[in-house]
Every structure is written in C-alpha cells, then in structure tokens.
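Architecture and fold: a report
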Amino acid sequence: MTEDHPKDDLTRERDDGPTGDVATTTANTADERGRSDLLGHVRRVETIADRVDFETVRTELPDGWELKPDLVQFGSAPLAETVVFEGRRVGRRILLKPVDDAEPTGEIEVYERIDPRRSRRVLATVDSLSAALRAAVNRVHQLDRG
C-alpha cells in the first residue's frame, strides 16, 4: 500500500488536530478516559419533555398555539424542565412543571400567564402528567375562545 491510499478503517488513526499528530491523538484519548471516569457517577434522568408526545398533543390545540419544552427558573431554585403551551397572542402561556423533577409523570403544577407584564400564577396542582395535559389543553381552548 502506498502512502497516497487511505489506511484500513480498523487501523486508521484519529486526526484531532490540524497536524494529525499521533501524540495529540493519544493524549486526547487519555483525556476522554479521564473525563469518562469523572462523569461515571452521572446518570440520565427522565424529564417531563421525555414523557410528552408533542405531536399528539399538538393535534388537539387550536391554530396559533404551540407546544414545546422549555427551561425555566422559579425564584432561586435551579433550572427546571417544563412543557409550555404558547398562544399567538403575545404573552399567553400555560406551563406544566413537575412538583418533583425526578418524577415527570407524578404531580404536576399548572401555571398560567396571560400577559407578558404579569407573573405566572398557579392554576392547579394535579396528580399526573396526563391530567395536567388535559387541563392545559382545556384551558388553551378557553383562552382561545375568549
């Protein structure tokens, strides 16, 4: 094999830098292993957005309403993943947030903001994600009519 031909995929060296230097590749591999060890205790946690079938819920919304995941902060608490219904009229939002972020299908707080100059307010706390989605879709239809 001449140097003009690429090496077999099984033996190809990684080219991580502009020089393609093997020493750089070896150092990067060691760094990745070190980071992997440091992050070994990290686990993936299921969030509310993982449990919502966005396409199915969107089919139940009136025209002009969107459904999307969002990260929000409540006071000084850490960021929380939520699901947000947004209306075509600026500022109209229904937000679903798990009471316990580690239990995205458990109790859900339903918040509403009908004007961007106002704070969101709690409408209800319901016992499940499916109940929260039903409540939010119903409220979206009420807001759309009024």
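Before reading on, note that the structure itself is shown above.
Notes on the structure in this doc start here.

The rules behind the values
Residues numbered from 1 in each chain as written. Predicted model: local features only at pLDDT ≥ 70, side-chain atom pairs only at ≥ 80, totals over all residues. Heavy atoms only, no water. Helix = DSSP H or I, 4+ residues; strand = E, 2+ residues; numbered from the N terminus. Buried < 20%, exposed > 50% of the residue type's maximum accessible area, 1.4 Å probe, protein only. Lys, Arg positive; Asp, Glu negative; His and termini not counted. Salt bridge = Lys/Arg side-chain N within 4 Å of Asp/Glu carboxyl O. Polar contact = N/O pair within 3.5 Å; in protein donor to acceptor, adjacent residues only side chain to side chain. Contact = heavy atoms within 4.5 Å. 1 Å grid on protein atoms, 1.4 Å probe; cavity = no way out; pocket = protein on both sides within 12 Å on 5 of 7 lines; lining within 4 Å. Points joined across faces, edges and corners; volume = space filled by probe spheres on them. Nonpolar A, V, L, I, M, F, W, Y, C, P; charged D, E, K, R; others polar. Pairing = 2+ DSSP bridges. Axes fitted to C-alpha atoms, helices over the stretch in contact; angles between N-to-C directions. Core = buried A, V, L, I, M, F, W, Y, C linked by side-chain atoms within 4.5 Å.

1. Some remarks on the side chain of E109
- Checked against the element boundaries, E109 lands in strand β4 (residues 108-113).
- Buried charge without a salt bridge: E109, with K97 as the nearest opposite-charge side chain at an N-O distance of 4.4 Å.
- One polar contact links E109 to Y111, side chain to side chain, over a distance of 3.0 Å.
- The residues touching E109, leaving out its near neighbours within four places in the chain, are L95, L96, K97, V99, A124 and T125.

2. Here's the deal with empty space enclosed by the protein
- Tallied over the full model, the rule gives one cavity of 30 Å³ or more.
- There is about 40 Å³ of room inside the largest cavity.
- W65, G87, R88, R89, R92, L143 and D144 together form the lining of the largest cavity.
- Considering only residue class, the lining of the largest cavity consists of two nonpolar, one polar and four charged.

3. Details of the sheet that holds strand β3 (residues 93-98)
- Pairing is antiparallel across the open sheet formed by five strands, whose spatial order is β1-β2-β3-β4-β5. A strand with exactly one partner marks an edge of an open sheet, and here the two such strands are β1 (66-72) and β5 (121-126). On average, each strand axis in the sheet is inclined to that of its neighbour by 25°, with strand direction left out of account.
- In this structure, β1 lies alongside strand β2 (residues 80-86), joined through seven bridges in antiparallel fashion. Bridging across to β2, P69 finds its partner in V83.
- Running at roughly 170° to β3, helix α4 (residues 129-145) makes contact with β2, β3, β4 and β5 of the sheet.

4. Some details on the nonpolar core
- Judged by nonpolar contacts, the single largest core of 23 residues is most densely connected at V52, L67, F85 and L96.
- Of all the secondary structure elements, the ones that give two or more residues to this core are α2 (48-51), α3 (54-58), β2, β3, β4 and α4.
- When residues of this core are assigned to their parent elements, the largest contribution, eight residues, is made by α4.
- Non-local contacts of V52, meaning those with residues more than four positions away in its chain, are made with V57, L67, V83, L129 and L133.
- If you look at the next biggest cluster of nonpolar residues, it comprises five residues, including F74, V84, L95 and Y111.

Function cannot be inferred from these measures alone, as they are strictly geometric.
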